[in-house]
Amino acid sequence: MRQAIEEGFILDVLTNYSTYKAYWRLLKKIEDDPHYDRRKAEYLLKSFVDLSEHAIGEKVRICVEHFAQQVQGDIDGRAKAMIVTRSRLHEVRFKRAVDNYLAARCYPFKALVAFSGTVEDGPRKYTEAGMNGFPEARTAKTFERPEYRFLICANKFQTGFDQPLLHTMYVDKKLGGVNAVQTLSRLNRTHAEKKGTMVLDFANEADEIKAAFEPYYETTLLSEATDPNLLYEVMTRLRAFPVYADTDVNAFAAVYFNPKVSQDRLYAVLAPAVERFKELARDERHDFRGQLTDYVRLYGFLSQVLTFADADLEKLYVFARHLRRLLPPDKDGLPLEVQQNIDMESYRIQQTGSGRIALERKAGVIDPVGTKGRYGLAPEEVEALSRIIAELNDRFGLNLGPDHEVTLGHMMEKLDDDAALEAAARVNTRENVRLTFDHKVDSVIQEIVETNFDLYKRITDDPAFGETLKNLLFDQYVRGHRDAEELIKRGESKSLEFKSTLRWSLKEDRRDDKGVTHATLKTVAAFLNTDGGDLLLGVADDGSIVGIERDQLENDDKFMRHLAQVVRNGMGDRAGTCIDPKTQIAQGKTVCVVSCQRSPEPVFLKWKGIEATPEGDFFVRQGPGTIKLSPDSAKEYIRTRFGPLASQL
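Worth saying up front: this structure is predicted, and the values here are computed from it rather than measured. Position numbers for residues start from 1 in each chain and track the written sequence from start to end. Owing to the predicted nature of the model, reporting of local features is limited to residues with pLDDT of at least 70; listing and counting of side-chain atom pairs is limited to 80 or more, with chain, interface and lining totals taken over all residues. Water and hydrogen atoms play no part in the side-chain values, which are based on all heavy atoms of the structure.

A.B. asks: Tell me about the sheet that holds strand β17 (residues 533-537), residues and numbers included.
C.D. replies: Only when DSSP finds a minimum of two bridges between them are two strands counted as paired. Helix numbering and strand numbering both begin at the N terminus, where a helix is a DSSP run of H or I of at least 4 residues and a strand a DSSP run of E of at least 2. Overall, mixed pairing links the four strands, which are arranged β14-β17-β19-β18 in an open sheet. Only two strands of the sheet have a single neighbouring strand rather than two, namely β14 (496-499) and β18 (579-586). Going from strand to strand, the sheet's axes swing by 20° on average, the running direction of each strand aside. Inspection of the sheet shows β17 paired to strand β19 (residues 589-596) by five bridges, in the antiparallel sense. Residue Leu537 lies in a different strand from β19, and its bridge partner there is Cys592. All axes here are fitted lines through C-alpha atoms, helices being fitted over the stretch that makes contact, and every angle between N-to-C directions spans 0 to 180 degrees.

Dropping the structure here:
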């Protein structure tokens, strides 16, 4: 890339790059604090804001005014722009908003939209042809006409689109890796009158774009070859689903490779497979769609460099590519009661950076194309939005309210968006992550001086409160940023332990709820009583992956419910709120990562009559192991760790 830029074959699309960030605030309109899956609720609330008429209107205003004032005169008055949105529904709403804004301001520009299929927005249905006013096949050619200055897209035309007059890109979509390079490189085509390019980005940070481009800037090295045999592995996994048979693939190929067959006939051949897909359970649909995508992506890559003698691979490729487009999405809608009970108090967009994104001159290394053994749904994490506030109020006798809750939300969002912190959390022990986290959270705390001085003063003036808040934020953060495979590489430590199973004795090949489960609960109790930690279930002491399948529970959901139940039975309901188990796929097997936070109160374990005292046994971590404290030692530890009142429990 660097050589091509220096020799004038392409333009540097990172020379004029401006980033923007949206700031918004939602208010509850009811006193109740209902529980929803946290990750899903956060995603849907953000989508609710991003799809709102006001948010899109603000972005359209910035884009059109920027184009009118700074872009339209470039390339001898012929410069064009592309608006990259995050979905087809966003495209539809952006197109309507752009058309309305251009008409209201009497600008002589026109906009086109590019998407496949039909988009439903409420009771109305939209197509590319219907919104543009001419057949879909003419969109690219029509965009060449001088009056058409804006092209709005999501995926279509985002890559592989050659238009030298394309000068500016307005990005409202998360980009990463090679997709970021391909998308922004739509601007790099040269033209005799084209002196440079511009990018206004509402969704990505400059360092994220830099990280995406650097592997391709200088010499690009492949860390290892892509294994062609992966195609057969994915093919085998796809055949295990009751969605299609070889006869369906052959029937589609016979139609597809017949040049006289219409598009409607292709859809008709695929219709039975689509119906069978709809009958799958939700997690199976998610897995099948992921495997289908893997196959299409992997074959598309390998077929460019290899010639396959097996015609079945090509047949499945065209079948999978077309079937994938017709599979109905699993739509997660924001519950109606949530939409009715929240209100957008404020929304503003602010420029956060502008200038050239400088890339380092060094060889980049990229990983080969791979696949995933299984695509599992993320487990739901249901909790009240006000949980941290309630815990602080209980422990310190405070009256923190909604304003403080909003501030904490902004602080967590800032931490979640920190790429360096996320990278550290994925691969390091909790002790090392905490060092990075403390540095980052101190910076975030400084930023709330103007927005919530009351909370800032409380944190800085009361060391106990400040430390407790940091602990809660750390536990909240780390529970969602752990990677099983990376943790396994670290080996066991004071805050990381492996257990092969939850209840199954591998040595005796039988269920052992007493001994095996007790070993797991001891570790959890010790983590809660010390400084927190991560327990990996389904991983042997030597780091080899056994998988939770060995526990002989029917599925992941039953495993998680069984784990939650034994924790409650052994340590009580309050201890159960301090753990956050999640399943991940590691080397094709399912592993459960149990993130344990520091408990605010001492935790005693009572299990199957094994405990030595009526109140239960007290465990702590010592080095990479778990030890049981004697009653006298436990009382002294509790006094110093939890306070004088706790030692009287």
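Next comes the rest of the account.
A.B. asks: Can you break down the pairing of strand β4 (residues 110-114) residue by residue, with the values?
C.D. replies: Burial status follows relative accessibility: with a 1.4 Å probe on protein chains alone, a residue under 20% of its type maximum counts as buried, one over 50% as exposed, and anything between as partly exposed. Among the five residues that make up β4, four are buried, leaving the element largely enclosed by the rest of the structure. Across five bridges, β4 lies against strand β7 (residues 148-153) in parallel orientation. The partner of Ala111 across the bridge, within β7, is Phe150.

A.B. asks: Give a detailed account of the nonpolar core, specifying residues and quantitative values.
C.D. replies: Throughout this description, the term nonpolar core refers to a set of buried Ala, Val, Leu, Ile, Met, Phe, Trp, Tyr and Cys residues connected via side-chain atoms within 4.5 Å. Ranked by internal contacts, the top residues of the largest apolar core, which has 34 residues, are Val60, Phe150 and Tyr170. Those elements giving two or more residues to this core turn out to be α3 (53-71), β3 (80-84), α5 (88-104), β4, β7 and β9 (198-201). The dominant element in this core, judged by the number of residues it contributes, is α3, at eight residues. Those residues in contact with Tyr170 that sit more than four places away from it in its chain are Cys63, His66, Phe67, Val71, Ala81, Met82, Ile83, Val84, Phe150 and Leu200. The next biggest cluster of nonpolar side chains, apart from the first, holds 33 residues, and it includes Leu231, Tyr244, Leu270 and Phe288. The contact definition used throughout considers only heavy atoms, calling two residues in contact when any of these lie within 4.5 Å.

A.B. asks: Before we move on, can you summarise the packing of aromatic side chains with the specific residues and values?
C.D. replies: The pairing test for Phe, Tyr and Trp rings, Trp by its six-membered ring, is centres within 6.5 Å, and the orientation test on the planes gives stacked under 30 degrees, edge-to-face over 60, and tilted for anything in between. The full count for this structure, using the stated rule, is 19 aromatic pairs. Arranged with centres 5.4 Å apart and planes meeting at 45°, the rings of Tyr20 and Phe202 form a pair that is tilted. Of this pair, Tyr20 sits in strand β1 (residues 17-28) while Phe202 sits in the loop between β9 and α9 (206-213), and the two are 182 residues apart along the sequence. The pair formed by Tyr20 and Phe202 is uniform in burial state, with each residue classed as buried. Measuring from ring centre to ring centre gives 5.2 Å for Phe437 and Phe474, while their planes differ by 70°; the resulting arrangement is edge-to-face. On the criterion of sequence distance, the pair formed by Phe437 in helix α19 (residues 430-446) and Phe474 in helix α21 (residues 463-478) is long-range, its members being 37 residues apart. Under the relative-accessibility criterion, Phe437 is labelled buried at 0%. Of the aromatic side chains, those joined through ring pairs into one cluster are Phe241, Tyr244, Phe252, Tyr256, Phe257, Phe277, Phe288 and Phe319. Only lysine NZ and arginine CZ atoms are considered, and such an atom sits over a ring when it is within 6 Å of the ring centre and within 35 degrees of the ring normal. The residue whose ring lies beneath Lys80 is Phe143, and the NZ or CZ to ring-centre distance is 5.0 Å. One residue, Arg458, lies across the ring of Phe465, its end atom 5.8 Å from the ring centre.

A.B. asks: Residues and numbers for the environment of Pro108, please.
C.D. replies: Relative to the elements of secondary structure, Pro108 occurs in the loop between α5 and β4. Each C-alpha atom, one on Pro108 and one on Ala68, is 9.9 Å from the other, the two residues being 40 residues apart in sequence.

By themselves, these are just geometric observations and shouldn't be taken as functional.
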